[in-house]
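Chain by chain, the residues run as shown.
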Amino acid sequence: MTLPNSPEHAFLDLGSETLEIPFVPASEGGAGLAINHLRPKTGYVVYDPGFSSVAPCKSSITYLDGENGILRYRGYPIEQIAEHLSFMEVSYLFIHDALPTKEQLDVFTNMVRDNMMLPENMRKFFDAIPKNAPPMAILSSGIEMMTAYRRREKEPIDDPDFIPSAVYRLLAEAPTIAAWSHKTSVDEPLVYPDGRLDYASNILHMLTWTPINNYEVDPVMARALDVLLILHGDHEQNCSTSTVRMVASSRADLHACISSGINSLWGSLHGGANQAVIEMLQTILDNDRDIGRVLSRARDRNDPFRLMGFGHRVYKTYDPRARIIKQAAHDVLATYMPNDPLLELAMELEEAALQDDYFQSHNLYPNVDFYSGLIYRAMGLPAKMFTVMFAIGRLPGWIAQWREANLDPESRIVRPRQVYVGPAKRDIIPIEERG
Ligand code: SDX
């Protein structure tokens, strides 16, 4: 017996009973089915290992349409944002849900800039770090460490009109921690932020300047980095953002939530893919550029190899960010690394994959990670720093999601259930009697 769905409800026919399931309306995209009463009422749970059909929250920050390749931050299309805004404007937009006036932007930018200096004592933290330590580990632990240095009196984080000071400190400290981890790994002196520079220029300055090269920031590179940071700003309930929100649900502090998000992003299936793409391209280049063999390995379900930088849980067409980054890679490399063999190989690989039946039938297209590493590499960054740059770009999105989770009246501590498939009740056998 299946009752007709009404505009407000769906009905789940379980044979012995029918469960009424209210709809959760959406302003765009799929509405929700509120099933939180499913287990208490029926004992059943919903089984969805990758949460591909689960919405743990309502959100008004980012909208994705994976079928049509649409991405909007607070309703603004990513293409317009990348063309017209700076990363600081986008950060303000995420956190305040409004585009800033010139004066508001100046105040916001100065609040961030004024916090970019780390406590001088933090140098000892970097002195203790082995040179080959992974920068993502340094970033997550360095950010956690900052709570020790800057613990302040309790702030009204539940006040929607109050921006916790930790928000500005995070946006400010992360680039300095990242740059100092890089300088530590290349045995160069740590470089302080320069108050005269904008956000992206300061990152390049701290990563690159030495007393010998007296590096002057190239405005073309600075804008390329600013756009990359913008394109990584937020992406709905991806793995690392879901991690941030899950940790936030226990009322952990912002730095702890962000540090957890960084560790989640590090995985090669997620933000770590941008490093894996460059390493994959270099391996292909070193092995006779055999693209046919690479694609055949990618198609082989018995081979763990995946074409890194391809495929996406949500996008079943070209990732709109990849389209913008591909053009930016072209523009930057045309000037700084003309005839780059890795860019040529990446484009050949993309063309071959997009014509391959397997990739077409699985809707596998380039994602945000496929071309981004080529630009970071042209900036002189080692591959192990690429995911760190992704994390810096994702900070304002994580922060906005953290605030939204804290301010959401429906937010509860995240505590999923399971489908138990272990042994039934059994008694302990004394060790003397165990075979
Ligand atoms: C990011 O979620 C986000 O929004 C993430 C992100 C963000 O901004 O936060 O966009 C950033 O993480 C981008 C993704 C970066 N990761 C990679 O580039 C790694 C390579 N891609 C894949 O591992 C994979 O596509 C994922 C992890 C991105 C998505 O995995 P899903 O959704 O769980 O898909 P799946 O692994 O179940 O694959 C479905 C099918 C499988 O084949 P069948 O068993 O069904 O025959 O597609 C195949 C997979 O084998 N497949 C691939 C593939 N990706 C999927 N086959 C070869 N190469 C690939 N890259």
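Since the model is a prediction, treat every value here as computed from it, not as a measurement.

**A word on the site of the ligand**
For step 1, the next point in the chain: Lining the immediate surroundings of the ligand are 23 residues, of which His-235, His-312, Arg-313, Arg-321 and Arg-394 lie closest.
For step 2, the next point in the chain: One nitrogen or oxygen atom from the side chain of Arg-301 is found 3.2 Å from an oxygen atom belonging to the ligand.
For step 3, the next point in the chain: Residue composition of the shell around the ligand, by class: 9 nonpolar, 8 polar and 6 charged.
For step 4, the next point in the chain: Residue-level mapping places the shell around the ligand at the junction of two domains, with at least three residues from each of domain 2 (76-270 + 382-407) and domain 3 (275-378).

**Digging into the sheet that holds strand S6 (residues 76-77)**
For step 1, the next point in the chain: Strand order in this open sheet of 3 strands is S4-S5-S6, and the pairing throughout is antiparallel. Sheet topology places strand S4 (62-65) and S6 at the edges, where each strand pairs with a single neighbour.
For step 2, the next point in the chain: Taken together, the 2 bridges between strand S5 (residues 70-73) and S6 define a ladder with antiparallel strand orientation. Note on S6: the bridge partner recorded for Arg-72 is Pro-77.

**Examining the packing of helix H9 (residues 219-231) against helix H17 (residues 369-378)**
For step 1, the next point in the chain: At a minimum axis separation of 11 Å, H9 and H17 run at an interaxial angle of 150°. In the crossing of H9 with H17, the sense of the turn from one axis to the other is left-handed. Between H9, through Met-221, Ala-224, Leu-225 and Leu-228, and H17, the contact on the second element is made entirely by Ser-372, Ile-375, Tyr-376 and Ala-378.
For step 2, the next point in the chain: For the contact of H9 with H17, a count of residues per class yields 7 nonpolar, 1 polar and no charged.

**Brief notes about the side chain of Ser-185**
For step 1, the next point in the chain: Tracing the chain through its elements places Ser-185 in helix H7 (residues 165-185).
For step 2, the next point in the chain: For Ser-185, a relative accessible area of 15% translates into the label buried.
For step 3, the next point in the chain: In this structure the side chain of Ser-185 is engaged in a polar contact, spanning 2.6 Å, whose partner is the backbone oxygen of His-182.
For step 4, the next point in the chain: Not counting residues up to four positions away in its chain, the partners in contact with Ser-185 are Lys-131 and Lys-384.

Analysis parameters
- What you see as residue numbers is a count from 1 along each chain, following the sequence as written.
- In keeping with the model being predicted, local features are shown solely for residues with a pLDDT of at least 70 and side-chain atom pairs are shown and tallied solely at 80 or more, while totals for entire chains, interfaces and linings include all residues.
- The basis for the side-chain values is all heavy atoms of the structure; hydrogens and waters are excluded.
- Throughout, near means a residue has at least one heavy atom within 4 Å of the molecule or strand.
- We call two N or O atoms a polar contact when they sit within 3.5 Å, provided that within protein one can donate a hydrogen and the other can accept it, with sequence-adjacent residues counted only if both atoms are side-chain atoms.
- Note on residue categories: nonpolar means Ala, Val, Leu, Ile, Met, Phe, Trp, Tyr, Cys or Pro, charged means Asp, Glu, Lys or Arg, and polar means any other residue, Gly included.
- An automatic or database domain assignment is the source of the domain bounds shown.
- One bridge is not enough; two strands pair if DSSP finds at least two bridges between them.
- Helix and strand assignments come from DSSP, with helices taken as H or I runs of at least 4 residues and strands as E runs of at least 2, each series counted from the N terminus.
- Think of each axis as a best-fit line through the C-alpha atoms, taken over the contacting stretch in the case of a helix, with angles from 0 to 180 degrees between the N-to-C directions.
- Should the near helix be turned anticlockwise from the far one by less than a right angle, the crossing is left-handed, and should it be turned clockwise, the crossing is right-handed.
- Contacts are residue-level and defined by heavy atoms, with any inter-residue pair within 4.5 Å sufficient.
- Under the scheme applied here, a residue whose accessible area is under 20% of the maximum for its type counts as buried, over 50% as exposed, and between as partly exposed, the area being computed with a 1.4 Å probe on protein chains only.

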